[in-house]
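# Per-entry structural report
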Amino acid sequence: MSPTAAGLVALEAGKGTRWLLRRSGRGGTSLPGLIAERIHPRLAGELAQGIRNGSLLITGTNGKTTSTRMIVAALRGAGLIPLTNREGSNMLRGITTTLVAAASWRGRLPASDQLIGVFEVDEGHLPAVIDALSPRMLLITNLFRDQLDRYFEVDFVASLWATAFQRLPAATTLILNADDPLVAYLGESVSNPVLYYGLEDGRWGRSQLQHSADSRRCPRCASDLQYSRSFYAHLGHYACAACGWHRPTPRLSAWDVEIGGLEGSTIKLQTPWGPQTLEVPLPGLFNAYNAIAAAATAYSLGVRPDAVKAAVGDVPGAFGRLERFELDGRRVLLALVKNPSSFDQVTEILLRNRSTLRLVLALNDNGQDSRDVSWIWDVAIEQLCGRLAWVIASGHRAADLALRLKYAGVLEGPPDGRPALSTMPVLADAVDEGLRRTPPGEELTIIATYTAMWALRERFVRRGHLAPFWQA
Amino acid sequence: MSAPHASAAGVVTLTIGYLYPSVLSQYGDWGNVRCLQQRCHWRGIDVEILPLEVGTAIEASAVDFFFMGGGADSQQRLIARDLVMAKGDAIREAIDAGSVALLICAGYQMWGRRYRPFRGDDLEGLGIFDAETIHWAAEEKVTIRDITSAGRGRMVGNVVVEWEGTTLVGFENHGGRTYLGAGARPLGRVVVGAGNNGKDHTEGAIVRHAYGTYLHGPLLPKNPALADHLIRLALQRRYGEVPFPPLDDGLEGQAREVALHLHR
Ligand SMILES: [Zn+2]
């Protein structure tokens, strides 16, 4: 059960690095794992063998952080001790970092019968993590277009996953979103147990796919999929007229979803464990999906329904997903956007609940955002026409945002009704200006990409308005 | 802004044939069509957009401007047969008669003679450009494991191209390497980035009024000189000289300025 000699050397190097980083006051990096992995690539697998209850992996483009938090809380409520990669990244090196931190210098994890691994995994790194950890359960939330400059196309990612699934232990359970055709189709080619979850509440269906839909082709024969309902992006109820393949009927389904504005939603579920009701304190249909996915996973692990309900009902907003706080007497609403579908979802929630927005938009093009900013042209910015008091474009690519706003027609209107546009690339300047223009007691909305969100959050943390993300 | 005078035929209308919008809509390429639409609208020129999907017939004389965007290999395969077999003759007829075309990435590859993807059979192209494209991994005969290690040979990054005494800015993201024959003239010379193939410093191709390029971004909003050049070419064919007032391109200029100073 303990690591090999090479593993112990790698572990020592990883622990040493972590200690140095901590001493210099730096948390939340995956450098220890990276260094340990360079020395001994199999270290994560060797350490993970010490996890008594095995590991589960959570992946997908949107919602994996929120789902992971709910699952971790549910398992804790059930008396288990989840080991999770909150610190570090969701690549293999981040998971290695988590294991290095938890292990003793002899490579032993806490010898607890309650220990269970719960790891959030980046889509592109899923095959490597599967090979390293041989998980007992795998949750896949969805597969959207995101950072294509790293991972090419969604169907290519899906094909890499399908190949990796052939190497899963036979008993590994797959929890799959039935409403995402690319994800659902993955269940067709495995002999593993599969639990499908999905949304049956037809009130949320639309007849047409939104512009940001990525996949509307049949994954089996590449013909057009017909959607009888479309929830958001390419999630919905679909069937292929050409080959007959269709959405699998979910065994765990949400038949009634009440969305209560920015406050959250109430979900009624039909499950193999009986009917359940969940209160989700996070807004929007995508958070309802996150709760359904987390509940499906927790029930499958044998967590009692009341522990699941409590965990879902208590979840704090994951990093930057529509956080609300007070700043200099103004209400601030902070939202993270990662790709066209998450941007459209955020805009839709905001517009359903607010008549006009005072808006700071921040776009960066660092590696963790997307170096290619073309994706903002696939966002339905046009929805904001007539709904902005004013807008400030910020971030490294503020000028690109300004141009997108101009071509969306957002800046047009009668002379007295044209929203003013300012371009202020420096984030701090944009936020200060936004606060100055927002009357006390009123609301300022900030929408930002990943690294812009990090920078803003750090600033708000320093000023004491928010807790640091990795302590939260 | 003053509207241009109505031509003899009445209102000035630009008809854009948008090839396969539901299949090829990656990397914001739709923004090029949005840009054409708005720059015409701000000048009082009407724009009509004809979606040309698989199975849609084309009336060659009706289309002033063809647009085709980028997509994955699998998506290219879906439309290849329809493009070459069903629409090829009408498109060639229109281009010979002076129609304008802007083809991005996959669109550009498919207007060449042939595309050899990483996996699967070669795809026959329209052959309007004397150009052939081969996926880098097919050219170097690598395995699937190499290709997943961060897309080693893929050409990804910011691009600056010399074009007609000025510059074009954009973002490229392609696995295919395109080689031009004697019958095609490059759109421009690469200053930053890979361009057609990362070897000969050429980027894109021009034949008559058909422009092929690898530049996403999308291309036209940050390169308004090219956008206006293409609109004027398309209008001249049907209306001769049309009043074409300049627009305020302040925001476009700022975005270009940022793009010119980005790292690769
Ligand atoms: Zn089919």
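Position labels on residues start from 1 in each chain and follow its written sequence. Starting at A for chains and at 1 for ligands, labels are handed out in the order in which the entities are written. Whole-chain, interface and lining totals are the exception, using all residues; otherwise, since this is a predicted model, local features are given only for residues with pLDDT of at least 70 and side-chain atom pairs are given and counted only at 80 or more. Side-chain numbers here rest on the full set of heavy atoms in the structure, without hydrogens or water.

All names here are of chain A. Only nitrogen, oxygen and sulfur atoms qualify as donors, provided they sit within 2.8 Å of the metal or within 3.2 Å for Na, K and Ca; with water excluded from the atoms, sites may seem incomplete. Every protein donor of the zinc ion is listed here as C218 (SG), C221 (SG), C240 (SG) and C243 (SG), and their distances to the metal cover 2.3 to 2.4 Å. The rule is simple: four donors are tetrahedral if all their angles sit between 85 and 135 degrees, four are square planar and six octahedral if opposite donors span more than 155 degrees and the others lie between 65 and 115, and anything that fits none of that is irregular. One can describe the site at the zinc ion as tetrahedral: its four donor atoms subtend angles covering 100 to 113° at the metal. Since its relative accessible area comes to 31%, C221 is described here as partly exposed. Each residue is assigned to one of three classes by its accessible area relative to the maximum for its type, calculated with a 1.4 Å probe on protein chains only: buried under 20%, partly exposed between the two thresholds, exposed over 50%.

Residues and elements named next belong to chain B. Paired strands, in this sense, are two strands between which DSSP finds at least two bridges. Working definition: helices are DSSP H or I runs of at least four residues, strands are E runs of at least two. Numbering for both runs from the N terminus. The strand order β2-β1-β3-β4-β14-β13 describes an open sheet built from six strands, whose pairing is mixed. The open sheet has two edge strands with one neighbour each: β2 (46–52) and β13 (205–207). With strand direction ignored, the average angle separating the axes of adjacent strands in the sheet is 15°. Bridge count for strand β3 (residues 65–68) against strand β4 (residues 100–104) is four bridges, and the pairing is parallel. Note on method: axes are straight lines fitted to C-alpha atoms, helices fitted across the in-contact stretch only, with angles between N-to-C directions ranging 0 to 180 degrees.

To define a nonpolar core, start from buried Ala, Val, Leu, Ile, Met, Phe, Trp, Tyr and Cys residues and group those joined through side-chain atoms within 4.5 Å. Grouped together as the largest cluster of nonpolar side chains are 155 residues, with contacts concentrated most on I267 of chain A together with F66, M68, I91 and W111 of chain B. Counting residues per element, this core draws most heavily on helix α10 (residues 285–300) of chain A, at twelve residues. Mapping this core onto the domain boundaries places at least three of its residues in each of domain 1 (48–313) and domain 2 (321–462) of chain A. Any pair of residues with heavy atoms lying within 4.5 Å of one another is described as a contacting pair. Leaving out residues up to four positions away in the same chain, I91 of chain B has contacts with L19, I58, F66, L83, W111, L126 and I128 of chain B. L99, A103, F119 and V183 of chain A belong to the second-largest nonpolar core, a separate cluster that totals 49 residues. Bear in mind that the domain bounds are from an automatic or database domain assignment.

Moving on to the domain arrangement of chain A. All names here are of chain A. By the assigned domains, chain A splits into domain 1 (48–313) and domain 2 (321–462). Here the C-alpha centroids of domain 1 and domain 2 sit 29 Å apart. With 24 residues of domain 1 at the interface, the matching set in domain 2 holds 24 residues. For this analysis, a salt bridge means a side-chain nitrogen from Lys or Arg found within 4 Å of a carboxyl oxygen belonging to Asp or Glu. Across the contact surface, domain 1 and domain 2 share zero salt bridges. A 3.5 Å cut-off defines polar contacts: any pair of N or O atoms within that distance qualifies, except that in protein one atom must be a possible hydrogen donor and the other a possible acceptor, and neighbouring residues in sequence count only when both atoms are side-chain atoms. At the boundary of domain 1 with domain 2, the tally comes to three residue pairs in polar contact (both at pLDDT 80 or more). Secondary-structure elements contributing two or more residues to the side of domain 1 that touches domain 2 are α4 (64–77) and α10. Residue polarity is assigned by list, with Asp, Glu, Lys and Arg as charged and Ala, Val, Leu, Ile, Met, Phe, Trp, Tyr, Cys and Pro as nonpolar; anything else, Gly included, falls into the polar class. Counted by class, the side of domain 1 that touches domain 2 contains nine nonpolar, nine polar and six charged residues.

Counting from both sides, the interface comprises 34 residues of chain A and, opposite them, 43 residues of chain B. Summed over both sides, the interface of chain A with chain B buries roughly 3300 Å², with 57% coming from carbon and sulfur. At the boundary of chain A and chain B, one finds three salt bridges. Note that K222 of chain B is salt-bridged to D400 of chain A, the shortest N-O span being 2.5 Å. The interface formed by chain A and chain B contains twelve residue pairs in polar contact (both at pLDDT 80 or more). Of all the secondary structure elements, the ones that give two or more residues to the side of chain A that touches chain B are α7 (148–151), α8 (154–165), α13 (398–408) and β16 (420–423) of chain A. For the side of chain A that touches chain B, the element with the most residues is α13 of chain A, which contributes eight residues. Counted by class, the side of chain A that touches chain B contains twelve nonpolar, six polar and 16 charged residues. Put simply, buried area is the surface a 1.4 Å probe can reach on two separate parts but cannot reach once they are joined, added for both.

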